[in-house]
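Fold and geometry: a report
Each chain, written out:
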Amino acid sequence: MNATEDMNATQDPQPHDDAPLVELAGVSKFYGNIRALEDISLRVHPGEITCVLGDNGAGKSTLIKIISGLHQHDGGTFSIQGEETRLASPREALDRGIATVYQDLAVVPLMPVWRNFFLGSEPTVGRGPLRRLDVQRMRRTTHSELLRMGIDLRDVDQPIGTLSGGERQSVAIARAVHFGAKVLVLDEPTAALGVKQSGVVLKYVAAARDAGLGVVLITHNPHHAYLVGDRFVLLKRGAMAGAYEKDELELEELVRQMAGGSELEELSHELRR
């Protein structure tokens, strides 16, 4: 490389340095003649939580499937750190740093916590016929990684099915952080939990954000979203009903939007005697 080329290389900025971790621009998805999503846009930045809110049938599940690589979009662009892409599988999404924690968690209830923590990514020792699972390393790592997230389990050998719903969600979040996720997609993590357990999960969602991950929180609960969210994307029947930064709206307005906004006011007027 000559002096001129070297100077140009030094001066040229890295094209994707400031790009969002994940960006959807005008993304659409159709199943035959059925519109599941149309013209959806959102950005996910490191150290921030993007909340996607909507009722049943709003398109939240389809959005998760596109981001996680389960389904491909039909229109618009999907970019990872500034590079337009089309994920072929959930494994490819994971390799690109996108981890998805589904509502059912995909855990094996009778297996110990440490085995679920490493499920599908178990380290081994030895070679050939003497090759075996590195159980001590998995136990030690599971305990230390959970502790780093503020989860102090007395016994990582206990079946994960004996943990509360909030604790199981927390283990799944800690697992994603440990295996190098840059983007964490959470599918209704507090849907089946009580108030106290929901608070536990939201605390660990915030911990993932503070660890520098970009978080996509899928929920139908505006109160939970407003507690931790930095920006909000509202979906309604597969289309965007609004996109807001946190300083652009109060909780009451977010609740009103989720409840139907003007439609609810119109219904209230019709029902009034």
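This structure is a prediction, so every number in the text was calculated from the model and none was measured.

Calculation notes
- Residues numbered from 1 in each chain as written.
- Predicted model: local features only at pLDDT ≥ 70, side-chain atom pairs only at ≥ 80, totals over all residues.
- Heavy atoms only, no water.
- Axes fitted to C-alpha atoms, helices over the stretch in contact; angles between N-to-C directions.
- Helix = DSSP H or I, 4+ residues; strand = E, 2+ residues; numbered from the N terminus.
- Parallel < 35°, antiparallel > 145°, perpendicular 65-115°, else oblique.
- Contact = heavy atoms within 4.5 Å.
- Nonpolar A, V, L, I, M, F, W, Y, C, P; charged D, E, K, R; others polar.
- pLDDT = per-residue confidence, 0-100.
- Phe/Tyr/Trp six-rings, centres within 6.5 Å; stacked < 30°, edge-to-face > 60°.
- Buried < 20%, exposed > 50% of the residue type's maximum accessible area, 1.4 Å probe, protein only.
- Salt bridge = Lys/Arg side-chain N within 4 Å of Asp/Glu carboxyl O.

1. A few points about the packing of helix 5 (residues 135-148) against helix 6 (residues 165-178)
One way to put it is that helix 5 packs onto helix 6 with a least axis distance of 9 Å and a crossing angle of 100 degrees. In terms of their interaxial angle, helix 5 and helix 6 are classed as roughly perpendicular. Between helix 5 and helix 6, the contacting residues are Thr141, Glu145, Leu146 and Arg148 on the first element and Val171, Ala174, Val177 and His178 on the second. Class assignment of the residues belonging to the contact of helix 5 with helix 6 gives a composition of four nonpolar, two polar and two charged.

2. Quick notes on the side chain of Thr50
The topology assignment puts Thr50 in strand 3 (residues 49-53). Setting aside residues no more than four positions away along its own chain, Thr50 makes contact with Arg43, Val44, Val215, Val216, Leu217, Arg231 and Val233.

3. A short note on the confidence of the model for the protein chain
In the predicted model, the protein chain carries a mean pLDDT of 86, and the fraction of residues at 70 or more is 89%. When mean pLDDT is compared element by element in the protein chain, strand 3 scores highest at 95, while helix 1 (residues 3-11) scores lowest at 48. The model gives residues 7-15 a pLDDT under 50, and that stretch makes zero contacts with residues more than four places away or in other chains.

4. Considering the packing of aromatic side chains
Describing an aromatic ring pair means giving the distance of the ring centres and the angle of the ring planes. Counted according to the given criterion, the structure contains four aromatic pairs. Considering the side-chain rings of Phe117 and Phe179, the 6.3 Å spacing of their centres and the 40 degrees angle between planes classify their relative orientation as tilted. Linking Phe117 in helix 4 (residues 113-117) with Phe179 in the loop between helix 6 and strand 9 (183-187), this pair joins segments that are 62 residues apart in sequence. Relative accessible area serves as the criterion here: at 0%, Phe117 is assigned to the buried category.

5. Notes on the pattern of salt bridges
Taken as a whole and judged by the stated rule, the model has 13 salt bridges. Among the salt bridges present, the one from Lys29 reaches Asp74, with a minimum N-O distance of 3.8 Å. Here Lys29, found in strand 1 (residues 22-31), pairs with Asp74, found in the loop between helix 2 (60-67) and strand 4 (75-80); they are 45 residues apart in sequence, far enough to count as distant. Across the pair Lys60 and Glu188 runs a salt bridge whose closest N-O atoms are separated by 3.9 Å. Of this pair, Lys60 sits in helix 2 while Glu188 sits in the loop between strand 9 and helix 7 (195-210); the two residues are 128 residues apart in sequence, bridging distant segments of the chain. An identical accessibility class is assigned to Lys60 and Glu188; each is buried.

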